[in-house]
Amino acid sequence: MASLKSQLFLVLLVATFLLASPVYSDDEEEDLLKTLNTHRAYMGLPILSENEEASCVADRIAQTLKKHTCENNFKPFQLNEDTHHILSKCEINVNHTKHSVVLPVCVPDLDVIEVFTNYTKTNFAKYLNNSGYAQAGISSDGDWMVVVLGTNTVDGDFASSGASSLVSFIGFFGTLILGSVWFNLIC
């Protein structure tokens, strides 16, 4: 009976933790991440995990690019001091973006095949085929799709500022304490 209660406690704890975590995804972005990960798996590369901070950056950049037509050809670029306004809105420390890269593409009506081809058959492919990248954030606005890639190293993990990390830390331990109290009540 105690084992059943322990298992129930763990299931409820995990469910509480998952429900408390916000998930940011749109179908287009989610589909592109799945497609890019399928491509990477085919190439023998590890899949990209979704990173919320990188998604925030991608969203901010996509909003900015929406003002531009597809005739503007943007090249891959790195996040640095010149993009501090975007990083600060996403509460990201610039020192944690040195090994990141932003890949913006413009495709009329975001045609799925054309977007995928733009990422896998152009100069962007060298970034997507690089096993050093392990995280991604994806967003779109208008005809623009933006993929932001990061690493699992300190220089590319999109670590947020201390305040945000403190909230996550408190939230996690708050969930543990709440689960513990709940478990003691039912036992």
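Everything below is about the structure printed above this text.
1. Digging into the layout of surface pockets
Here's step 1: Within this model, the second largest pocket holds a volume of roughly 190 Å³.
Here's step 2: Lining the second largest pocket are 13 residues, with Asn 73, Phe 74, Pro 104, Asn 118 and Phe 124 positioned closest to its centre.
Here's step 3: Ranked by residues supplied to the lining of the second largest pocket, first place goes to strand E2 (residues 101-106) with 3 residues.
Here's step 4: Per-class residue counts for the lining of the second largest pocket are 7 nonpolar, 5 polar and 1 charged.

2. So, helix H3 (residues 52-65)
Each α-helix winds once per 3.6 residues, and so residues spaced three or four apart point in a common direction.
Here's step 1: Between its first and last C-alpha atoms H3 spans 20 Å; for 14 residues at 1.5 Å apiece the expected length is 20 Å, and the two agree.
Here's step 2: Among the residues of H3, Ala 54, Ser 55, Val 57, Ala 58, Ile 61, Ala 62 and Leu 65 are the ones counted as buried. Axial view of H3: buried residues confined to an arc of 160°, hence all on one face.
Here's step 3: Those residues of H3 hidden inside the fold are in contact with strand E1 (49-50), helix H4 (84-89), E2, strand E3 (135-141) and strand E4 (144-150).
Here's step 4: The N-cap of H3, judged by a side-chain oxygen 2.9 Å from the amide nitrogen of Glu 53 a few residues on, is Asn 51.

3. Remarks on unusual backbone geometry
Here's step 1: The phi angle at Glu 91 is positive, at roughly 55°, despite the residue not being glycine.
Here's step 2: Examined against the element boundaries, Glu 91 turns out to sit in the loop between H4 and E2.
Here's step 3: For Glu 91, a relative accessible area of 38% gives the class partly exposed.
Here's step 4: Positive phi is not limited to glycine here, since Asp 109 has a value of about 60°.
Here's step 5: By the secondary structure assignment, Asp 109 is in the loop between E2 and helix H5 (112-120).
Here's step 6: A relative accessible area of 71% places Asp 109 in the exposed class.

4. Thoughts on the environment of Val 115
Here's step 1: With respect to the helices and strands, the residue Val 115 is situated in helix H5.
Here's step 2: Expressed as a C-alpha distance, the spacing of Val 115 and Val 105, which sit 10 residues apart in the sequence, is 7.3 Å.

5. What to know about the sheet that holds E1
Here's step 1: Strands sit in the order E1-E3-E4-E2 across an open sheet of 4 strands; the sheet is mixed. Across the chains shown, the open sheet's two edge strands, defined by having one partner strand only, are E1 and E2.
Here's step 2: Of the strand pairs in this sheet, E3 and E4 are connected by 7 bridges, and their pairing is antiparallel. The residue bridging Ile 138 from the neighbouring strand is Val 147, located in E4.
Here's step 3: Packed onto the sheet, helix H2 (residues 27-42) meets E1, E3 and E4 and runs at close to 140° relative to E3.
Here's step 4: Packed on one face of the sheet, H3 meets E1, E2, E3 and E4 and runs near 30° to E3.

6. Side note on the nonpolar core
Here's step 1: Among the nonpolar cores identified, the biggest contains 20 residues, and Leu 32, Leu 103, Tyr 119, Met 145, Val 147 and Leu 149 are the most heavily contacted of them.
Here's step 2: Contributions of two or more residues to this core are made by H2, E2, H5, helix H6 (125-128), E3 and E4.
Here's step 3: Sequence-distant contacts of Met 145, that is, excluding residues within four places in its chain, are made with Glu 28, Glu 29, Leu 32, Leu 103, Pro 104, Val 105, Leu 110, Val 115, Tyr 119, Ile 138, Ser 139 and Ser 140.
Here's step 4: In terms of nonpolar packing, the next biggest core, distinct from the first, is built from 18 residues, Ala 58, Ala 62, Leu 65 and Cys 106 among them.

Basis of the calculations
- Residues numbered from 1 in each chain as written.
- Predicted model: local features only at pLDDT ≥ 70, side-chain atom pairs only at ≥ 80, totals over all residues.
- Heavy atoms only, no water.
- 1 Å grid on protein atoms, 1.4 Å probe; cavity = no way out; pocket = protein on both sides within 12 Å on 5 of 7 lines; lining within 4 Å.
- Points joined across faces, edges and corners; volume = space filled by probe spheres on them.
- Helix = DSSP H or I, 4+ residues; strand = E, 2+ residues; numbered from the N terminus.
- Nonpolar A, V, L, I, M, F, W, Y, C, P; charged D, E, K, R; others polar.
- Expected span 1.5 Å × (residues − 1).
- Buried < 20%, exposed > 50% of the residue type's maximum accessible area, 1.4 Å probe, protein only.
- Arc of directions from axis to C-beta.
- Contact = heavy atoms within 4.5 Å.
- Polar contact = N/O pair within 3.5 Å; in protein donor to acceptor, adjacent residues only side chain to side chain.
- Pairing = 2+ DSSP bridges.
- Axes fitted to C-alpha atoms, helices over the stretch in contact; angles between N-to-C directions.
- Core = buried A, V, L, I, M, F, W, Y, C linked by side-chain atoms within 4.5 Å.

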